[in-house]
Amino acid sequence: MVVSGLLPNTPVVNVAVVAVATGLIWMGSGWLESSADRLSRQYGLPAVIQGSVVVAVGSSSPELASVVVAALAGAFDLGVGGVVGSAIFNVLVIPAAASVVTDGPLDASRTLVYKEAQFYMIAVSALVVTFALAVIYYPTGGAELEGQITRGLALLPLLLYGLYLFIQWQDVSDHEAAAAPGDVSVLREWGKLAAGLVVILVTVEGLVGAVEGLSHTFDVPPFLAGVTIIAGATSLPDVLVSARAARAGKGVTSLGNVLGSNTFDLLVAIPLGVLIAGSAPVNFAVAVPMMGVLTLATILLFAVLRTDLTLTTVEAYALWGAYLLFVGWIVAETAGVTDLVRGA
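Rules behind the numbers
- Residues numbered from 1 in each chain as written.
- Predicted model: local features only at pLDDT ≥ 70, side-chain atom pairs only at ≥ 80, totals over all residues.
- Heavy atoms only, no water.
- Helix = DSSP H or I, 4+ residues; strand = E, 2+ residues; numbered from the N terminus.
- Contact = heavy atoms within 4.5 Å.
- Expected span 1.5 Å × (residues − 1).
- Buried < 20%, exposed > 50% of the residue type's maximum accessible area, 1.4 Å probe, protein only.
- Axes fitted to C-alpha atoms, helices over the stretch in contact; angles between N-to-C directions.
- Parallel < 35°, antiparallel > 145°, perpendicular 65-115°, else oblique.
- Left-handed = near helix turned anticlockwise from the far one by under 90°.
- Nonpolar A, V, L, I, M, F, W, Y, C, P; charged D, E, K, R; others polar.
- Phe/Tyr/Trp six-rings, centres within 6.5 Å; stacked < 30°, edge-to-face > 60°.

(A) Local environment of the side chain of Thr310. Residue position: Thr310 is located in strand S4 (residues 310-311). Leave out the neighbours within four places in its chain, and Thr310 touches Pro105, Leu106, Asp107, Ala108, Val304, Leu305 and Glu315.

Pasting the structure below:
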């Protein structure tokens, strides 16, 4: 069933749900982006913080919900796989899409490259260390490289996200903002922001359900569907928000949303699922190869952004090419041609 069992699980219904959900997410992301822009100007927030915190947290709500639901259902590995797959999609596909929809190169900034991108790489490393500590100190006794992430371990990445917010707060304190516009209704914009979040969250639930139904209909393996199709579906709000910002000439906000969303997903969404469920198992043999790919994808994005602090159309197609290689590798893993992801 899709949309919480209200509609029959047939291919025609699922395709219709995907189409309607995409339109609703486009509308909700528009509310989110426009209200975040007005509120950020009202409160004097720099563009990079608008993208990496305000918009990023909102557009990451689907990933957060998916991890919490998966953890409560005892399928934490599926939730983590979806988040990591979504992070790879965000890093390689969304900046490229944002660059292509603009008339010229997508502008970055030194703050974005040297603070946001590098802190995100630290976030990836911190999550790998958390998984390793779970395997070392809380082995499950099942597979050789399986461990249990406890609430204590889950606090480690959350504390790192606290440091991230502290750094952002320091930047806001040092920022010389322009005068706040006098025509902004703060309550109305906050209400519009909340409405956009609700529309995105509710609609993505239906979208993911429809995509899952289609994957079962066409016999797409769960691992392949999780790290590609489901990851892309939950990342749709980020795609639309970043594309809107890029077309409006806000390259820093667009790219900041990508990096901020991934930082939030890794340091908050995954640990929060553990805190709610109490503990969660992690298969290190599955997690590390995927995190390794995420690390390589992040380094590639960092490298292309650092060249002239822009993302050109040629570099955008290079990012898309890298994502196609990733999908090809996952297909090879699913078909048994390669065996780098053990236990998937």
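Read on, since the account is not over.
(B) Just helix H10 (residues 236-247), in detail. Here H10 spans 17 Å end to end across 12 residues, near enough to the 16 Å set by a 1.5 Å rise per residue. Taken residue by residue, H10 has Leu236, Pro237, Asp238, Val239, Leu240, Val241, Ser242, Ala243, Ala245 and Ala246 as its buried positions. Phi turns positive one or two residues past the end of H10, at Gly249, with a value near 80°.

(C) Spotlight on the environment of Val227. Structurally, the position occupied by Val227 is in helix H9 (residues 222-234). Val227 sits in the buried class, given a relative accessible area of 3%. Considering only alpha carbons, one finds Val227 and Met290, 63 residues apart in sequence, at a separation of 9.3 Å.

(D) Highlighting the packing of helix H6 (residues 110-137) against helix H11 (residues 251-277). Axis separation between H6 and H11 bottoms out at 10 Å; the angle between their running directions is 20°. In terms of their interaxial angle, H6 and H11 are classed as roughly parallel. The way H6 lies across H11 gives a crossing that is left-handed. On H11, the residues touching Leu112, Glu116, Ala117, Phe119, Tyr120, Ala123, Val124 and Leu127 of H6 are Val252, Leu255, Gly256, Leu259, Asn262, Thr263, Leu266, Leu267 and Ile270. Here the contact of H6 with H11 is composed, by residue class, of 13 nonpolar, three polar and one charged.

(E) Spotlight on the packing of aromatic side chains. Taken as a whole and judged by the stated rule, the model has seven aromatic pairs. Ring centres of Phe119 and Tyr164 lie 5.0 Å apart, and the angle between their planes is 40°; on these two criteria the pair is classed as tilted. Highlighted residues: Phe119 in helix H6 and Tyr164 in helix H7 (residues 151-174), separated in sequence by 45 residues. Centroid distance Tyr323 to Phe326: 5.7 Å. Interplanar angle 45°. Geometry classified as tilted. With Tyr323 and Phe326 both in helix H13 (residues 313-335) and three residues apart, the pair spans about one turn of that helix. By the burial criterion, Tyr323 is buried, and Phe326 matches it. Here the aromatic residues Phe89, Tyr323, Phe326 and Trp329 are joined through ring pairs into a cluster of three or more.

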